[in-house]
Amino acid sequence: MATAPSPLRTIAGNLCLGSAPDSWGIWFPEDEQQVPYSRFLDELAQAGYEWLELGPYGYLPTDPAVLAEELAVRGLKVSGGTAFGALHRPEARDEMLAHVRQVAALTAAAGAHHLVLIPPMYRDEKTGDFTESPELNAAQWAGFGKAADRLGKLLLDEYDIRLVVHPHADSHIQTQPEIERLLNESDSRYTNLCLDTGHVAYGGGDNLDLIRRYGERVGYVHIKQMDPEILAQVAAEDLAFGEAVKRGVCVSPPAGVPNPADIVAELATLDAELFVIVEQDLYPCAPDVPLPIAVRTHEHLAACGLSGTRRPNDNR
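Keep in mind that what you see is a predicted model, and the values were worked out from it rather than measured.

A.B. asks: Please explain the pairing of strand β1 (residues 15-19) as it appears in this structure.
C.D. replies: When a strand is regular, its side chains alternate between the sheet's two faces. Of all five residues in β1, five are buried; the element is thus mostly enclosed. Here β1 shows two buried faces, one formed by Leu 15, Leu 17 and Ser 19 and the other by Cys 16 and Gly 18. As paired strands, β1 and strand β10 (residues 274-278) are joined by five bridges and run parallel to one another. The residue bridging Gly 18 from the neighbouring strand is Ile 277, located in β10.

A.B. asks: What is the right way to look at the pattern of salt bridges in this model?
C.D. replies: Oppositely charged side chains are able to pair whenever their charged atoms sit close together. Applying the stated criterion across every chain yields a total of 21 salt bridges. In this structure, Arg 39 and Glu 43 form a salt bridge, with 2.8 Å as the shortest nitrogen-oxygen distance. Within this pair, Arg 39 and its partner Glu 43 are both found in helix α1 (residues 37-46), separated by four residues, close to a single helical turn. The class of Glu 43 is buried, set by a relative accessible area of 8%.

A.B. asks: What exactly am I supposed to notice about the environment of Gln 33 here?
C.D. replies: Considering the arrangement of structural elements, one finds Gln 33 in the loop between β1 and α1. Residue classification places Gln 33 among the partly exposed positions, given a relative accessible area of 42%. Separated by 254 residues in sequence, Gln 33 and Pro 287 have C-alpha atoms that sit 8.4 Å apart. For Gln 33, the residues in contact, after removing those within four places along its chain, are Tyr 283, Pro 284 and Cys 285.

A.B. asks: Help me out: how do you make sense of unusual backbone geometry in this one?
C.D. replies: It is generally the case that most residues other than glycine have a negative phi and that most peptide bonds are trans. With an omega of 10 degrees, the peptide bond running from Pro 253 to Pro 254 counts as cis. Looking at the secondary structure, you find Pro 254 in the loop between β9 (250-251) and α10 (260-267). Of the consecutive residues Tyr 283 and Pro 284, the connecting peptide bond is found in the cis state with omega at -15 degrees. When you line up the elements, Pro 284 lands in the loop between β10 and α11 (290-303). We note that Asp 160 has phi near 55 degrees; this positive angle belongs to a residue other than glycine. Relative to the helices and strands, Asp 160 resides in the loop between α4 (138-159) and β5 (162-165). Take Asp 160: its relative accessible area is 35%, and that puts it in the partly exposed class. With a phi angle near 55 degrees, Asp 238 is a residue other than glycine that sits in the positive phi range.

About the cut-offs
Residues numbered from 1 in each chain as written. Predicted model: local features only at pLDDT ≥ 70, side-chain atom pairs only at ≥ 80, totals over all residues. Heavy atoms only, no water. Buried < 20%, exposed > 50% of the residue type's maximum accessible area, 1.4 Å probe, protein only. Helix = DSSP H or I, 4+ residues; strand = E, 2+ residues; numbered from the N terminus. Pairing = 2+ DSSP bridges. Salt bridge = Lys/Arg side-chain N within 4 Å of Asp/Glu carboxyl O. Contact = heavy atoms within 4.5 Å.

Pasting the structure below:
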């Protein structure tokens, strides 16, 4: 696969814009503080999006025929699936694999070719309590990349789906050294990166540096921004991610870091076609909050050169 930037590439011509349930405050398959999936889909289309990520398994219909009908009547298409998976826990592999297979089967049935794997958080999403150590030990790290590759090979061989691992706040793949270690200890044929610009910033990383040095490993993108003032509160007060979200750490462009225009310009130099999926963590939020934000975000990113009218070539 070629990795050199194409000098003929027009700005953002290789990038396809979409959004996700996360931008509507959807974190769980079922939760009384979340809007029904029908409202999410209606508002997603109303905001101007054509592509969506599936979000937590069980929020959208899991019957492929029902899902296909719900999407078709709104002119929507699927960019990829989403799953949580603990690659550092061999004893939980069977349970994790059963869940990932469910997501992969639905993703493939929807015609998509990416599965975004999010490492589990070591702090409870609602209470902030620690559920395990924030640091992996040497044995856990030793098997991490190999576990990712085994899963990636299975997804590719059995579902024609590419695994992209998603850095996440309060997880073991959060800081830039952790992201780089995963990439350096895994095989690009089977494991690549879902570059979540907001979570990279949350973990103190440099998105532009990652794109420049590991561009051939960026297989999918979540674009979001974080409020620097609240990031400072996170560091000073040892806040859990759930509390940071309640305080408004995720913000709409052009506010926050990183600057989305800089991200789009750097991604446009890559010799790859990529989905760029908007995520703005809003859980919990009032039902009327997400739609105006989604409209403004779509308009801003369109002005940066992102569109959602062309499907990327699913080659990595």
